[in-house]
Amino acid sequence: MQRQECSCSLLFSTIYSGLQGAIRLIRMPEVAECSTMSFVTTPATHDPTLLVHGGAWAIPAAAAADHEAGVRAALEAGYALLSLGGSAIDAVEAAVTVLEDDPTFDAGRGSFLTSDGRVQLDALLMDGGRMKAGGVACVERLRNPIQAARLVLEKSQHVYFVGPGAEQFAASHGMLLIDNAELVLERERKRLAHAKAREAAGLLDETFSGPEAIPGHVLHDDKSPETAFLSDPDRFASHDTVGAVALDAHGNLAAATSTGGTLNKTPGRVGDSSLIGCGCYADNLAAAVSLTGWGEPIMKLVLGKWATDRVAGGTAPEIAAREAISYLFNRLGGHGGIILLGPDGRFGLAHNTPAMAWGLATPGGLQTGLSV
Ligand code: ASP
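The rules we used
- Residues numbered from 1 in each chain as written.
- Predicted model: local features only at pLDDT ≥ 70, side-chain atom pairs only at ≥ 80, totals over all residues.
- Pairing = 2+ DSSP bridges.
- Helix = DSSP H or I, 4+ residues; strand = E, 2+ residues; numbered from the N terminus.
- Axes fitted to C-alpha atoms, helices over the stretch in contact; angles between N-to-C directions.
- Contact = placed C-beta atoms within 7 Å.
- Core = buried A, V, L, I, M, F, W, Y, C linked by C-beta atoms within 7 Å.
- Buried ≥ 20, exposed ≤ 12 C-beta atoms within 10 Å, placed from the backbone.
- Parallel < 35°, antiparallel > 145°, perpendicular 65-115°, else oblique.
- Nonpolar A, V, L, I, M, F, W, Y, C, P; charged D, E, K, R; others polar.
- Expected span 1.5 Å × (residues − 1).

## Examining the sheet that holds strand β14 (residues 347-351)
An order of β11-β12-β13-β14 is seen for the four strands of this open sheet, with the pairing classed as antiparallel. The open sheet has two edge strands with one neighbour each: β11 (280-282) and β14. Across the sheet, the mean angle separating the axes of adjacent strands is 5° when strand polarity is ignored. Where β11 meets strand β12 (residues 288-293), three bridges bridge the pair, whose relative direction is antiparallel. Each residue of the ladder has a partner; that of Ala282, found in β12, is Ala288. Against the sheet, helix α8 (residues 317-332) engages β13 (336-341) and β14, with an angle of about 25° to β14.

And the structure:
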């Protein structure tokens, strides 16, 4: 790394790159000693890497091909930019836009419905090089909330907008406001009706919950039980939040997460996905992360920041990802999935749901999968 206008000493650390299988010398800035640093740049020696997810849940066999095709299309869009020297922030925005446009996923059109039958969307984008973030929540009239989040990041002195204010901000910067009905699928109307029938019958929300996996041992969240029997896929409805993390050739990290939230949610509810440090975070001096799963426990553990802090402290992303999901379960009985990418290109994926759609693009090619 090179710093401009800064005479601070540099800390040299060797970091093993699991991707390239080589030892590299990486110079990390000692920020605390440097009061006049204008910005940090890095030479174009990094292998661009893009990691995406399409939600962690019990993906039925009939939906498997759509999920893999969706994450592959997202990788292709994002990596087309990265491989030409494009920025990590552009790559994650492009990848998530593709996933929002794909009705397979719980983001953009095709999202879960609120209890009153509308789509309400949340999204966050974070640039780990500039430490800039942009978020929107509870938007109903935007086809691509991740693009509105980008506008917040680039064009506003603020970081986060909600509801009609977010829509007006996006419209004032050229985004089209659509009718909410354009985002609603018949498939989701049926899914909501089924969830409401279960609710009326006094049955537990089946999205994530079930009887205690370990009676008397697992802690339950105060909203509802978040444990689930992994052997009973009927207890999992889709939770296909989407996300992407990227490292560009200049050494910058970025993260993006976009969601329609949870099925039958109360209007106005915001989950972890768009909250900084919860479902999304990026910092060049730590890591980039995107999470999926039941949002309430992820929020309470500020799990994204928890995971990136561990990478900053020297834990390999592969280990930190697994530790984060263990912590989620052991502390609050939560279920979910994580993608985590370090500044040296090492990465980690983990989930404790039956499946998680994921994809990885590096100079070595594209890979997709439905579990790790
Ligand atoms: N985390 C999202 C939320 O709670 C849901 C998901 O990941 O599927 O809004």
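## Topic: the nonpolar core
Counting residues in each nonpolar core, the largest one holds 95 residues, and the members touching the most others are Val92, Ala95 and Val289. Sorting elements by how many residues they give to this core places helix α2 (residues 88-101) first, with nine residues. If sequence neighbours within four positions are ignored, Val92 has contacts with Gly78, Leu125, Ala244, Val245, Ala246, Ala254, Ala255 and Ala256.

## Examining the sheet that holds strand β7 (residues 132-139)
One open sheet holds the eight strands; their spatial order is β8-β7-β6-β10-β9-β5-β15-β16, and the pairing between them is mixed. The strands lining the two open edges of the sheet, one partner per strand, are β8 (160-162) and β16 (365-369). Adjacent strand axes in the sheet meet at a mean angle of 5° when their direction is disregarded. On top of the sheet, α2 reaches β5 (49-57), β6 (121-127), β9 (242-247) and β10 (253-259); it is set at about 160° to β9, its chief contact. The strands touched by helix α4 (residues 163-172) within the sheet are β7 and β8, with β8 carrying the most contacts at an inclination of about 115°.

## Concerning the environment of Ala166
Assignment of secondary structure puts Ala166 in helix α4. C-beta crowding within 10 Å serves as the criterion here: with 27 such atoms nearby, Ala166 is assigned to the buried category. When the C-alpha atoms of Ala166 and Arg141 are compared, they prove to be 9.8 Å apart, with 25 residues separating the residues in sequence. In this structure Ala166 touches Val136, Val139, Ala148 and Phe161, once residues within four positions along its chain are discounted.

## Quick look at the environment of Ile338
With respect to the element layout, Ile338 can be found in strand β13. Note: C-alpha distance between Ile338 and Val289 (49 residues apart in sequence) is 7.1 Å. Those residues in contact with Ile338, other than ones at most four positions away along the chain, are Val289, Leu291, Ala307, Ala321, Ala324, Ile325 and Ala350.

## Comments concerning the packing of α2 against helix α3 (residues 145-155)
The packing of two helices is summarised by the inter-axis angle and the distance between the axes. The N-to-C vectors of α2 and α3 enclose an angle of 150°; their axes lie 8 Å apart at closest approach. Regarding the angle of α2 to α3, the classification is roughly antiparallel. Taken together, the residues of α3 that come into contact with α2 (itself represented by Glu93, Val96, Thr97 and Glu100) are Ile146, Gln147 and Arg150. When its residues are assigned to classes, the contact of α2 with α3 shows two nonpolar, two polar and three charged.

## With respect to unusual backbone geometry
For Cys138, which is not glycine, the phi dihedral falls at a positive 55°. Locating Cys138 in the fold gives a position in strand β7.

## So, helix α5 (residues 186-200)
A rise of 1.5 Å per residue sets the reference length of α5, with its 15 residues, at 21 Å; its end C-alpha atoms lie 21 Å apart and thus fit the reference within 8%. With its phi angle positive at about 80°, Gly202 sits one or two positions after the end of α5.

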